[in-house]
Amino acid sequence: MNQKGLLEKEVLALLDSARMKDTSYEKVLSAMCTRPHPIAVKAHMQFIESNLGDFGLFPGTKELEEKVIRIMGEMYSDPNACGYITTGGTESNIQALRIARNLDHRSHPNVVVPSSAHFSFDKTADLLGVEIRKARLDSEFRVDIDSVETLIDDNTIALVGIAGSTEFGQIDPIEDLADLALSHDLFLHVDAAFGGFVIPFLDKKYTFDFSVSGVTSMTSDPHKMGMATIPAGGLLFRQDTCMRPLEIDTPYLTIRKQHSLAGTRSGAAVAGAYAVMMHLGREGYKKIVDRCMKMTHRIVQGANELGATPLIDPVMNIATLDVPELDKIRKELRAKGWFTSVTREPRALRLIIMPHLGEETIEKFISDLGECIRKFQ
Ligand code: 0PR
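I will try to describe carefully the structure that is included in this document.

Conventions used here
- Residues numbered from 1 in each chain as written.
- Predicted model: local features only at pLDDT ≥ 70, side-chain atom pairs only at ≥ 80, totals over all residues.
- Heavy atoms only, no water.
- Pairing = 2+ DSSP bridges.
- Helix = DSSP H or I, 4+ residues; strand = E, 2+ residues; numbered from the N terminus.
- Axes fitted to C-alpha atoms, helices over the stretch in contact; angles between N-to-C directions.
- Contact = heavy atoms within 4.5 Å.
- Near = heavy atom within 4 Å.
- Polar contact = N/O pair within 3.5 Å; in protein donor to acceptor, adjacent residues only side chain to side chain.
- Areas by Shrake-Rupley, 256 points an atom, 1.4 Å probe, with all protein chains shown as cover.
- Nonpolar A, V, L, I, M, F, W, Y, C, P; charged D, E, K, R; others polar.
- Domains from an automatic or database assignment.
- 1 Å grid on protein atoms, 1.4 Å probe; cavity = no way out; pocket = protein on both sides within 12 Å on 5 of 7 lines; lining within 4 Å.
- Points joined across faces, edges and corners; volume = space filled by probe spheres on them.

Some words on the sheet that holds strand E2 (residues 110-114)
Turning to step 1, where the next piece is worked out: Sheet architecture is open: 7 strands sit in the order E1-E7-E6-E5-E4-E2-E3, paired in mixed fashion. One side of each edge strand has no neighbouring strand; the edge strands of this open sheet are strand E1 (82-86) and strand E3 (131-135). Along the sheet, successive strands turn relative to each other by an average axial angle of 20 degrees, direction set aside.
Turning to step 2, where the next piece is worked out: Bridging between strand E5 (residues 187-191) and strand E6 (residues 217-219) involves 3 bridges; their strand directions are parallel. Bridge pairing in E6 links Asp191 to Thr219.
Turning to step 3, where the next piece is worked out: On top of the sheet, helix H5 (residues 120-128) reaches E2, E3, strand E4 (156-162) and E5; it is set at about 150 degrees to E3, its chief contact.

In structure tokens:
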């Protein structure tokens, strides 16, 4: 640190030059986050000093958090669900499985997850000392229920289903997983970190939430398709499953107990999430999802015409395309300014069609993809 501080304008110039190096979202087809809605940004700034780690000082923000959980509970068929706003999907997944582990007292616990599960479950395994068993996927990249069943044994404490998988945007058969969970008396966590703000607004209806009686907990992130500011993840538990197994005594705070993983935590992101949910309402989110799905179908149609076939018909706003010379094409696309990503198994071009994209950008992408494909034919 400098001995003497800089003038504000000098600091702002330093910030500007750092910001210039950041990517603006225009040509990003690899991100699961997007530009937050302007009202979320306003709310975030209004609550910038609020700390929900000591919410006795911030009862107004705490009320907003309770309202957000209620809104999300209603979205997921349990208006009385409990939970809190986490730092994101990773914290939510860790905390859900921490509850499962704390409720159970097996010495070598294991959790069965689909092999499509996000890497946050590997972090969870390491932190909690829980073995993660990965179940096979079917030909459409949903978890194979027989494979899940064969992995369950006396030390299994929980099952995980994904509603909107990171790589394919696929939805696991949550009802079948719930049947297994109920018959083996297991905790079932649904990771809808990405899908939580997409699936309820799709034309096709999927059953993936607390309407399924075996579902114990859910992750759904306002800071992904919820258009909220970072860090806003959502962790919800069915009404009758409380968060008591996470509670810690907090002797020197204005509150007596805390259940979050983070101590000091952002009230600003909670206010942002509340503001955008109140402002958009179901209609607003439906419009956003409709628009993203329209662009996704257009990309798939355009790619098909170029001979790049999708691995599955997109379920949500993620397209996975089988392109020849994948690495070369991605490099070429990168040279044209595009950020893309890949799936692991099978390897394919993975495109996430987020709200920051527009129809013109999609047309430009299809035409650039065509040029790249032709170059390596
Ligand atoms: N569960 C699922 C299904 C996810 O897709 C993700 C994140 C998580 C959990 C973890 O969420 P947090 O990152 O909020 O802890 N999936 C993306 C990933 O890590 C997130 C992402 C966001 C990727 C922005 C790129 C990006 O630019 O791959």
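Let's talk about the site of the ligand
Turning to step 1, where the next piece is worked out: Close contacts around the ligand come from 18 residues, with Thr90, His118, Thr166, Asp191 and Lys224 the closest.
Turning to step 2, where the next piece is worked out: Take Gly89: an N or O atom from its main chain is 3.0 Å from an oxygen atom of the ligand.
Turning to step 3, where the next piece is worked out: Contact between the ligand and His118: an oxygen atom at 2.9 Å from a side-chain N or O atom of the residue.
Turning to step 4, where the next piece is worked out: For the ligand, the accessible surface in isolation is 600 Å², of which the surrounding protein chains cover 76%.
Turning to step 5, where the next piece is worked out: Residue contributions to the shell around the ligand peak at 3 residues, all from helix H4 (residues 89-103).
Turning to step 6, where the next piece is worked out: The residue inventory of the shell around the ligand, partitioned by class, reads 5 nonpolar, 10 polar and 3 charged.
Turning to step 7, where the next piece is worked out: Structurally, the shell around the ligand is a two-domain feature, drawing no fewer than three residues from each of domain 1 (8-35 + 285-375) and domain 2 (38-278).

So, the environment of Leu311
Turning to step 1, where the next piece is worked out: Summarising the element assignment, Leu311 is placed in the loop between strand E10 (309-310) and strand E11 (318-322).
Turning to step 2, where the next piece is worked out: Separated by 122 residues in the primary sequence, Leu311 and His189 have C-alpha atoms spaced 26 Å apart.

Quick word on empty space enclosed by the protein
Turning to step 1, where the next piece is worked out: With the rule as written, the count across this model stands at 1 cavity of 30 Å³ or more.
Turning to step 2, where the next piece is worked out: Estimated volume of the largest cavity: approximately 40 Å³.
Turning to step 3, where the next piece is worked out: Across the lining of the largest cavity, the residue classes tally to 2 nonpolar, 3 polar and 2 charged.

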